[in-house]
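These are the residues of each chain, in order.
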Amino acid sequence: MNRTQLIDAVAERAELSKSHAAKYVNAILGVMADNLCEGDYEIAIPDFGRFSVKHVAERQGVNPATGEKITIEARDKVVFKASDNLSIFSRKHV
C-alpha cells in the first residue's frame, strides 16, 4: 500500500473527502517522523506496535562488484515491532 492508497482507504473508512483524509494522513505521518527524528525516538500504539530508533554500529562489509572490504558507517535506523495482537496469522487472507 502506498500513500495514495492509504489516503483512499482512510477517506472511505472515515467517510471523509480525499483532500481531508490526505491532510490527516500527512499530519499523522509528519508528527511520527518528527518524534522519531527529534523527539523521544519512540512511538507506541497499543494493539498495533512500536516504532523506535535503533543505533547500528559500524561494521565491515564487502563490495559485491569488486570483492573489496569496506567499512559501513554507523547509523540510526527506524525499526517496527508489531504488537502480539497484530498478527498476519490471525487475519483471513483471500
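Here's what I pulled together on the structure shown here. Everything numeric here is computed off the predicted structure, so don't read it as measured data.

Criteria and cut-off values
- Residues numbered from 1 in each chain as written.
- Predicted model: local features only at pLDDT ≥ 70, side-chain atom pairs only at ≥ 80, totals over all residues.
- Heavy atoms only, no water.
- Phe/Tyr/Trp six-rings, centres within 6.5 Å; stacked < 30°, edge-to-face > 60°.
- Helix = DSSP H or I, 4+ residues; strand = E, 2+ residues; numbered from the N terminus.
- Buried < 20%, exposed > 50% of the residue type's maximum accessible area, 1.4 Å probe, protein only.
- Pairing = 2+ DSSP bridges.
- Expected span 1.5 Å × (residues − 1).
- Arc of directions from axis to C-beta.
- Contact = heavy atoms within 4.5 Å.

**Observations regarding the packing of aromatic side chains**
Counting across every chain of the model gives three aromatic pairs. Centroid distance Phe48 to Phe80: 5.5 Å. Interplanar angle 50°. Geometry classified as tilted. Separated by 32 residues along the polypeptide, Phe48 in the loop between strand 1 (42–45) and strand 2 (49–56) and Phe80 in strand 5 (residues 75–82) bring together distant segments of the chain. For Phe48, a relative accessible area of 34% puts it in the partly exposed group. Accessibility expressed as a relative area gives 37% for Phe80, which makes it partly exposed.

**Observations concerning the pairing of strand 4 (residues 69–72)**
Relative to strand 4, strand 3 (residues 59–62) runs antiparallel, the two sharing four bridges. By the bridge assignment for strand 4, Arg59 is matched with Ile72. Adjacent in sequence and paired antiparallel, strand 3 and strand 4 are bridged by six residues, among which Gly67 carries a positive phi angle near 80°.

**A short note on helix 2 (residues 18–38)**
Here helix 2 is 21 residues long and its end C-alpha atoms lie 29 Å apart, about the 30 Å a rise of 1.5 Å per residue gives. Burial in helix 2 covers these residues: Ala21, Ala22, Val25, Met32 and Leu36. Looking straight down helix 2, one finds its buried side chains confined to an arc of 105°; they lie on one side. The exposed residues of helix 2 that point more than 90 degrees off its buried face are Lys23, Val31, Cys37 and Glu38. In this structure, the buried side of helix 2 is in contact with helix 1 (3–13), strand 1, strand 2 and strand 5.

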